[in-house]
Amino acid sequence: MENSQPRPEASVVEELQRLRASIDNLDAALVHLLAERFKCTQEVGRLKAEHRLPPADPEREAQQIRRLRSLAEESRLDPVFAERFLNFIIAEVVRHHELIANSMSETRGR
């Protein structure tokens, strides 16, 4: 059975490959940036736990969401998407902070 879709021209295939290579590079950069961000937030989590501060900071989170929405609008990125993305990251950070706090609490109790 023959494929009913026409084959793209070589120039289209080359352009797709070029764009996809850029996307691959950007995805790699995003992963590295997220890794660096989580290294910093792990340190924040340890500092909060050492000083018995709560794992979540709703005021800071709201401030960051407002800031990110504004940056998204300036960059012509959907601010709703940007907010969902940051909320996902914040939830993971708070989960890490809770784990760190629980771990330190158990250590203190010994």
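Residue positions are given per chain, counting from 1 as you read along its sequence in written order. Local features are withheld for residues below a pLDDT of 70 in this predicted model, meaning they are given only at 70 or higher, and side-chain atom pairs are given and counted only at 80 or more; totals for whole chains, interfaces and linings count all residues. Excluded from the side-chain calculation are hydrogens and water; included are all heavy atoms of the structure.

Trainee: Teacher, can you tell me more about the UniProt feature "domain: Chorismate mutase" (unreviewed entry) in the chain here?
Mentor: Look at the UniProt record and you will see "domain: Chorismate mutase" (unreviewed entry) annotated at residues 10–101. Here a helix means four or more residues in a row that DSSP labels H or I, a strand means two or more in a row labelled E, and each is numbered from the N terminus. Secondary structure over residues 10–101 splits into 88% helix and 0% strand, and the C-alpha atoms at its two ends are 57 Å apart. UniProt positions are given in the numbering used here, feature names are shortened, and annotations may be inferred rather than shown by experiment.

Trainee: Any chance you could explain unusual backbone geometry here in plain terms?
Mentor: Most peptide bonds are trans, and most residues other than glycine sit at a negative phi. Here R52, not a glycine, exhibits a phi torsion of approximately 55°, which is positive. Tracing the sequence through the fold places R52 in the loop between helix 1 (10–50) and helix 2 (58–74). Even without being glycine, R76 reaches a positive phi, approximately 60°. Examined against the element boundaries, R76 turns out to sit in the loop between helix 2 and helix 3 (79–108).

Trainee: Hey, could you run me through the environment of F88 in this one?
Mentor: Among the secondary structure elements, F88 is positioned in helix 3. Owing to a relative accessible area of 60%, F88 belongs among the exposed residues under this scheme. Classification of residues uses two cut-offs on accessible area relative to the type maximum, computed with a 1.4 Å probe and protein chains only: under 20% is buried, over 50% is exposed, and between them is partly exposed.

Trainee: What is the right way to look at the packing of helix 2 against helix 3 in this model?
Mentor: Two quantities define a packed helix pair, namely the angle between the helix axes and the distance between the axes. For the pair helix 2 and helix 3, the least separation of the axes is 9 Å and the interaxial angle reads 145°. By crossing handedness, the relation of helix 2 to helix 3 is classed as right-handed. Listed contacts from helix 3 to E61, Q64, I65, L68, R69, A72 and E73 of helix 2 are P79, V80, A82, E83, L86, N87, I90 and V94. Axis definition: a line fit to C-alpha positions, over the contact stretch in the case of helices; interaxial angles, taken between N-to-C directions, run 0 to 180 degrees. Helix crossings fall into two classes, left-handed where the near helix is turned counterclockwise from the far one by less than a right angle and right-handed where it is turned clockwise. Two residues form a contact once any of their heavy atoms are found within 4.5 Å.

Trainee: Explain the side chain of H96 here, please?
Mentor: With respect to the element layout, H96 can be found in helix 3. Assessed through its relative accessible area of 17%, H96 is described here as buried. Among the polar contacts made by the side chain of H96, one reaches the side chain of Q42 at a distance of 3.3 Å. Every residue in contact with H96, bar those within four places of it in the chain, is listed here: F38 and Q42. Polar contacts, as counted here, are pairs of nitrogen or oxygen atoms within 3.5 Å of one another; within protein the pair requires one atom able to donate a hydrogen and one able to accept it, and residues that are adjacent in sequence qualify only if both atoms are side-chain atoms.

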